[in-house]
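# A closer look at the structure
Listed below are the residues making up each chain.
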Amino acid sequence: MGPERDRVISISLSEAEWQALVARHPQPVLWLRERIKEDVRPPDQDAKSAA
């Protein structure tokens, strides 16, 4: 087993906030994971994907 570890993020949402999120993003976990991956992507990959 290598040094890589999975991390967990936990946030508290009211029922109304949760319902609004799910209404807009039916798979909120996948949506959030993709937003995080986009944000932490190295800058050189941004240039390649725009080309």
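Before reading on, note that the structure itself is shown above.
Quantities reported herein were computed from a predicted structural model and do not represent experimental measurements.

Our next topic: the overall build of the chain. From N to C terminus, the chain includes 3 helices and 0 strands. Reading the secondary structure of the chain in the N-to-C direction produces α-α-α. Looking at the chain as a whole, 4% of its 51 residues are labelled buried. A total accessible area of about 5,100 Å² is found for the chain, and carbon and sulfur atoms account for 56% of it.

Attention now goes to the pattern of salt bridges. Pairing between side chains of opposite charge can happen when the charged atoms of each approach one another. Applying the stated criterion across every chain, the model contains 1 salt bridge. Two residues, E38 and R35, come together in a salt bridge whose shortest N-O distance is 2.9 Å. One end of the pair, E38, and the other, R35, are both in helix α2 (residues 28-40), 3 residues apart, so they sit about a helical turn from each other. Using a relative accessible area of 31% as the deciding quantity, one classes R35 as partly exposed.

With that settled, the discussion passes to the layout of surface pockets. Counted as a void, the largest pocket has a volume near 410 Å³. Residue lining of the largest pocket: I9, I11, L13, W18, L21, P28, V29, W31, L32, R33, I36 and K37, and that is the complete set. Every element with two or more residues in the lining of the largest pocket is listed here: α1 (15-24) and α2. When the residues that make up the lining of the largest pocket are grouped by side-chain class, the tally is 10 nonpolar, no polar and 2 charged. Quantified by volume, the second largest pocket comes out at close to 150 Å³. Every residue lining the second largest pocket is listed: D6, R7, V8 and I9.

Right, let's talk about the side chain of H25 for a bit. You can see H25 is positioned in the loop between α1 and α2. H25 gets classed as buried once you look at its relative accessible area, which sits at 17%. Of the polar contacts made by the side chain of H25, one reaches the side chain of W31; its length is 3.3 Å.

The rules behind the values
Position numbers for residues start from 1 in each chain and track the written sequence from start to end. Reporting in this predicted model follows two pLDDT cut-offs: at least 70 for local features of residues, and 80 or more for side-chain atom pairs to be given and counted; totals over whole chains, interfaces and linings ignore these cut-offs and use all residues. Water and hydrogen atoms were dropped before computing side-chain values, which therefore reflect all heavy atoms in the structure. Runs of E in the DSSP output that reach at least two residues are strands. Runs of H or I that reach at least four are helices, and both are numbered from the N terminus. Residue exposure (1.4 Å probe, protein chains only): buried if accessible area is under 20% of the type maximum, exposed if over 50%, otherwise partly exposed. Every accessible area reported is derived by Shrake-Rupley at a probe size of 1.4 Å, with residue values counting cover from the shown protein chains alone. When a carboxyl oxygen of Asp or Glu lies within 4 Å of a side-chain nitrogen of Lys or Arg, that pair is called a salt bridge. Here a cavity denotes grid points, spaced 1 Å and computed from the protein atoms alone, that fit a 1.4 Å probe unable to get out, and a pocket denotes an open set having protein on both sides within 12 Å along at least 5 of 7 lines; residues with an atom within 4 Å of a point are the lining. Grid points are joined across faces, edges and corners, and a volume is the space filled by probe spheres set on the points. Residue classes follow a fixed rule: Ala, Val, Leu, Ile, Met, Phe, Trp, Tyr, Cys and Pro count as nonpolar, while Asp, Glu, Lys and Arg count as charged, and any other residue, Gly among them, counts as polar. N or O atoms within 3.5 Å of each other form a polar contact, as long as, within protein, one can give a hydrogen and the other can take it, and as long as residues adjacent in sequence are counted only when both atoms are side-chain atoms.

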